[in-house]
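Inside the fold
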Amino acid sequence: MNRDNNVTLSVVVLSYNNEQYIYDCLSSIAKQGIDSYEVLVIDDSSTDNSVEVINDFIKDHPQFELIQKPNSGGAISSQIGIARAKGKYLALVDSDDIVADNAYKKLIKRIEEDGSDFASGLPMKMVNGFMHTFLNSNNERNVFVENRVLSTPQELESYTNQVFYWNAVYNTEFLRTNKIEMPANLLIADRIFVYKAAMRAKKISVINDVVYYWRKKENSDKISITDQTAEFHMIADRCDSFQSQIKLCIQEFKNNIKYNKAIWEHSFVRLYYPLYDIANPENEAKDYKDFKEACERYRNFLLQYKAFFVHLVANSDVPVNSKFITERILTKHYKQLYNFIADEMRFEDLDPQTLDINVYNTLLRNRQLISVKNIVEEEGRRYINFQFLVGTEDREEFNIEEVFVYNRYFRQDKFILEYDDVKRRVDITDLPDGTYVIHVICNLRGKKQYYTPAVREELAKVNTYKFGEKIITYNTHSAILTLQKKNRFTVLYQGNDEYLLGVNYPEDIKEIFFFNVKENIRIPVKKQGDFYKISISELPEGDNVMIYKNSDGMYTTVRKIEFSNSSVDKEIMDRIIIRGKIEIEIEPEGKNSVEADE
């Protein structure tokens, strides 16, 4: 026993080759509002400058300690951290991610109030530094649909729909007593950790606040394990992980039959993520031959456990789609499985007789139940109108309980918006100018569900609504809402890649900068008299996104529509707003631009 009762929280940071991100990670941990804590940074023999960045940071932060070890993987790093932790509670963090402000304080409060073994909160994804909704499936999102305590076998089992270890705080003794750890030499080890923790827990506290930002690096040579689902070399690693889960099921089967059936079911579906990607009709890089080869690899592995699978399927209520996949894999009906995944994996239990045909076709692609219809102004107030994409028999039993947004750039504030259940609209009049990710809590037949109100239609466009000086943009593909002011900027080209940017409403702007995605840094734009001076040649290589901070402290991407002289040369305009390719919408005014009185 090495716990120091004076230490409330131990944070274990798993570090390996993240020199450009680890400073942000460590800084976020220092903003947790906890008086007594320690941070153990376990570096797995990084070959970049991570150690130098860590040492520079901890010089001014005595709570932080660097522990260097031979390269042996993140699982062993986590084991070392758990063994050395002195805190009553413990959290695990990947060194390229960010912990939301005061997240650990909130989670610890819930553990102590509820008497839980651990507490968990909603994760958010960062793509090249910008926030996106993370969890894709309803089962994953619905874990965090409300603040609650999970204690029944069914509730504890539902927690394993999300298999992330880093969006939680654990009671340290709970982990040690139950020998909950990530197995060494297993690349995909997080599932074992989460499954075993949920299995052993008597209570799990859940909050629906965002507590963790997981970084996805699209414009990077280093791709995370999570993003390599369609790579063939990952099949063997997934099989190894699944084998460990099968052994866990076999060991614990008699002690908790229902729970372990659920573990198998969740694991089995996730095992096939690479097949989903390979069979995606939009994936031109893969074809049926690749799919057949992947299936053969899985089949050779799964046949070792055929008797176990048959026993589980025969004695459990697993969904029909999983039974279907199991049968096809074990009997080598690859073409049928390929067609099933390619054509049918995105819908379930839909009846075209009870749905409008256009809605039905949209649901086949998206499995979404709610979408934004339009944005309107009424008596000086501005509203987002929602439409419900459900069958007629469910229309009266489907409603929205809560709508809230998070600023997409660099701010972690949560804004709860006023929703009118009768008119099915949300009031955005008082929302400060900025760019936001929208979240909705719905209720269908008495069951709460988590949604982002977007429909991934084939020709989804960015619609721009104009209300006087106000511009409101909603991206139906990404559930992203942007509020801006028309004619905010004027640009003058000086030559030699230099520009002068005039601000027509100077009281609105506190700061302008470029964000370089590759280097994960901000490049300030200096003010020269009444103008901001932009030197394109001085910007680093890679994608540079121009962003401003307004008087409310909200951040927004600069868009062409904000320029009073947006008709200047398109090449010049695009270079000012953005260099390179990135997921930022720059929409032309035209047929997709809708006036408020139309």
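Here, every reference points to the structure presented above.
So, a few notes on the structure that sits alongside this text.

Strand pairing in a sheet takes place through backbone hydrogen bonds and is either antiparallel or parallel in direction. As summarised here, the arrangement of the 4 strands in space is β21-β22-β26-β25, forming an open sheet in which the pairing is antiparallel. Edge positions in the open sheet fall to β21 (489-495) and β25 (526-528), since each of these has one partner strand only. Each strand of the sheet is rotated relative to its neighbour by a mean of 35°, with strand direction disregarded. As paired elements, strand β22 (residues 498-503) and strand β26 (residues 531-535) share 5 bridges and run antiparallel to each other. For Leu-500, the partnering residue across the bridge sits in β26 and is Lys-533.

Moving on: the nonpolar core. In terms of nonpolar packing, the biggest core is built from 80 residues, with Tyr-104, Tyr-159 and Phe-193 touching the most fellow members. Sorting elements by how many residues they give to this core places strand β10 (residues 204-216) first, with 8 residues. Leaving out residues up to four positions away in the same chain, Tyr-159 has contacts with Phe-118, Ser-120, Val-143, Leu-150, Phe-164, Ala-168, Val-194, Ala-198, Ile-204 and Val-206. One finds Ile-400, Leu-417, Ile-428 and Tyr-436 within the second-largest nonpolar core, a separate group that totals 30 residues.

Evaluated as defined, the whole model comprises 27 aromatic pairs. A centroid spacing of 6.3 Å and a plane angle of 85° characterise the contact between Phe-404 and Tyr-450, whose relative ring orientation is edge-to-face. Remark: Tyr-450 occurs in strand β17 (residues 447-451) and Phe-404 occurs in strand β13 (residues 398-407); sequence separation between them is 46 residues. The burial state of Phe-404 is the same as that of Tyr-450; both residues are buried. Members of the aromatic cluster, each reached through a chain of ring pairs, are Phe-118, Tyr-159, Phe-164, Tyr-165, Trp-166, Tyr-170, Phe-174, Phe-193 and Tyr-212. The positively charged end of Lys-414 is found above the aromatic ring belonging to Phe-404, 4.3 Å away from the centroid.

It is worth spelling out the environment of Ser-267 at this point. The topology assignment puts Ser-267 in helix α10 (residues 257-271). The exposure class assigned to Ser-267 is buried, which follows from its relative accessible area of 1%. As for Ser-267 and Arg-191, which are separated by 76 residues in sequence, their C-alpha atoms are 8.3 Å apart. Excluding its chain neighbours within four sequence positions, the residues that come into contact with Ser-267 are Tyr-195, Phe-242 and Gln-245.

On to the packing of helix α1 (residues 22-29) against helix α2 (residues 50-58). Orientation of α1 relative to α2, taken along the N-to-C sense of each, is 30°, at an axis distance of 9 Å. Considering their axes alone, α1 and α2 lie roughly parallel with respect to each other. Of the two elements, α1 crosses α2, and the hand of that crossing is right-handed. Facing Ile-22, Tyr-23, Leu-26 and Ser-27 of α1, the residues of α2 in contact are Val-53, Ile-54 and Phe-57. Its residues assigned to classes, the contact of α1 with α2 shows 6 nonpolar, 1 polar and no charged.

A separate point is the pattern of salt bridges. For side chains of opposite charge, pairing can occur when their charged atoms come near one another. This structure, assessed with the given rule, holds 23 salt bridges. Residues Lys-106 and Asp-209 are paired through a salt bridge, measuring 3.4 Å at the closest nitrogen-oxygen approach. Here Asp-209 lies in strand β10 and Lys-106 lies in helix α4 (residues 103-114), a separation of 103 residues in the sequence. One salt bridge in this structure joins Glu-293 and Arg-297, with 3.0 Å as the shortest N-O distance. One end of the pair, Glu-293, and the other, Arg-297, are both in helix α12 (residues 288-302), 4 residues apart, so they sit about a helical turn from each other.

Our next topic: α1. Residues separated by three or four positions in an α-helix point in the same direction, a consequence of the helix having 3.6 residues per turn. The buried fraction of α1 amounts to 6 of the 8 residues, a majority that puts the element mostly inside the structure. Of all the residues in α1, the buried ones are Ile-22, Cys-25, Leu-26, Ser-27, Ser-28 and Ile-29. On its buried face, α1 sits against β1 (9-15), β2 (37-43), α2, β3 (64-68), β4 (89-94) and β5 (98-99).

Turning next to unusual backbone geometry. Excluding glycine, a negative phi dihedral is what most residues carry, and trans is how most peptide bonds are arranged. Phi is positive for Glu-379, close to 55°, though the residue is something other than glycine. Residue placement: Glu-379 occurs in the loop between β11 (370-378) and β12 (381-388).

Another aspect to go through is the side chain of Arg-110. Turning to its location among the elements, Arg-110 is positioned in helix α4. By relative accessible area, which is 13% here, Arg-110 ends up buried. Residues contacting Arg-110, with those up to four places away along its chain left out, are Gly-115, Ala-119, Asn-147, Arg-148, Val-149, Ser-205, Val-206 and Ile-207.

What counts as what
- Residues numbered from 1 in each chain as written.
- Predicted model: local features only at pLDDT ≥ 70, side-chain atom pairs only at ≥ 80, totals over all residues.
- Heavy atoms only, no water.
- Pairing = 2+ DSSP bridges.
- Helix = DSSP H or I, 4+ residues; strand = E, 2+ residues; numbered from the N terminus.
- Axes fitted to C-alpha atoms, helices over the stretch in contact; angles between N-to-C directions.
- Core = buried A, V, L, I, M, F, W, Y, C linked by side-chain atoms within 4.5 Å.
- Buried < 20%, exposed > 50% of the residue type's maximum accessible area, 1.4 Å probe, protein only.
- Contact = heavy atoms within 4.5 Å.
- Phe/Tyr/Trp six-rings, centres within 6.5 Å; stacked < 30°, edge-to-face > 60°.
- Lys NZ or Arg CZ within 6 Å of the ring centre and 35° of its normal.
- Parallel < 35°, antiparallel > 145°, perpendicular 65-115°, else oblique.
- Left-handed = near helix turned anticlockwise from the far one by under 90°.
- Nonpolar A, V, L, I, M, F, W, Y, C, P; charged D, E, K, R; others polar.
- Salt bridge = Lys/Arg side-chain N within 4 Å of Asp/Glu carboxyl O.

Any functional reading would require information that these geometric values do not contain.
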